[in-house]
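Inside the fold
Okay, here's what each chain looks like letter by letter:
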Amino acid sequence: MSEKAPEIDRFLALVAAAQAGDGRLTTIQAGLLVAAELGIAHDSRSFARRLGIAHSLVLRELNALTERNGVIEIVKRDPKTMRMHYTLPPASRRKHGRQSASH
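Quick summary incoming for the structure in this document. None of the values given here were measured: they were computed from a predicted structure.

**Concerning the overall build of the protein**
- When its secondary structure is counted, the protein shows 5 helices and 2 strands.
- For the protein, the α and β elements follow one another from N to C terminus as α-α-α-α-β-β-α.
- With 103 residues in all, the protein has 38% of them scored as buried.
- For the protein, long-range pairs separated by at least 24 residues make up 48% of all intrachain contacts whose partners lie at least 6 apart in sequence.
- Looking at the protein as shown, the accessible area adds up to about 6,200 Å², and 52% of this sits on carbon and sulfur atoms.

Spelled out as structure tokens, the structure:
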């Protein structure tokens, strides 16, 4: 059994908890928030690569999150690679990160 299995299970549990706390989040959106909170990924390409998801899907979900004020903050965009670097504003950390981490 892989040593990473408990980490993956924890990540998926946190994603499910984030979605339970905010029914408007898609699974990828919740994953982006949890990944940022845990320091797993802070840019779209890294997130896509680590989770085996098409980068275009991650970009679409990030754009949807940015339309919801205060959920996620885009801090840098690379026009050549389309990579988007993001962070959680403090209010979002409290809502999605710590709340989901306690479940």
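**Observations concerning the pattern of salt bridges**
- Applying the stated rule across the entire model yields 4 salt bridges.
- Here Arg60 and Glu61 are joined by a salt bridge, their closest N and O atoms 4.0 Å apart.
- Judged by relative accessible area, which is 9%, Glu61 ranks as buried.
- Each of Asp22, Arg24 and Arg68 takes part in a single network of salt bridges with overlapping partners.

**Some remarks on the pairing of strand S1 (residues 73–77)**
- The pairing of S1 with strand S2 (residues 84–87) spans 4 bridges and is classified as antiparallel. Residue pairing across strands places Lys76 opposite His85, the latter belonging to S2.

**Side note on the layout of surface pockets**
- The calculated volume of the largest pocket comes to roughly 390 Å³.
- Lining the largest pocket, in full, are Lys4, Glu7, Ile8, Arg10, Phe11, Leu12, Leu38, Ile40, Arg50 and Leu51.
- For the lining of the largest pocket, the secondary-structure elements that each account for two or more residues are helix H1 (5–21) and helix H3 (44–51).
- Ranked by the residues each element gives to the lining of the largest pocket, the list is headed by H1, at 5 residues.

**Structural notes on the environment of Ala35**
- Examined against the element boundaries, Ala35 turns out to sit in helix H2 (residues 27–38).
- Its relative accessible area of 0% is what places Ala35 among the buried residues.
- Sequence separation of Ala35 and Val15 is 20 residues, and the distance between their C-alpha atoms is 8.9 Å.
- When neighbours within four sequence positions are excluded, Ala35 is seen to be in contact with Phe11, Ile40, Ala41 and Phe47.

About the thresholds
- Residues numbered from 1 in each chain as written.
- Predicted model: local features only at pLDDT ≥ 70, side-chain atom pairs only at ≥ 80, totals over all residues.
- Heavy atoms only, no water.
- Helix = DSSP H or I, 4+ residues; strand = E, 2+ residues; numbered from the N terminus.
- Buried < 20%, exposed > 50% of the residue type's maximum accessible area, 1.4 Å probe, protein only.
- Contact = heavy atoms within 4.5 Å.
- Areas by Shrake-Rupley, 256 points an atom, 1.4 Å probe, with all protein chains shown as cover.
- Salt bridge = Lys/Arg side-chain N within 4 Å of Asp/Glu carboxyl O.
- Pairing = 2+ DSSP bridges.
- 1 Å grid on protein atoms, 1.4 Å probe; cavity = no way out; pocket = protein on both sides within 12 Å on 5 of 7 lines; lining within 4 Å.
- Points joined across faces, edges and corners; volume = space filled by probe spheres on them.

Any functional reading would require information that these geometric values do not contain.
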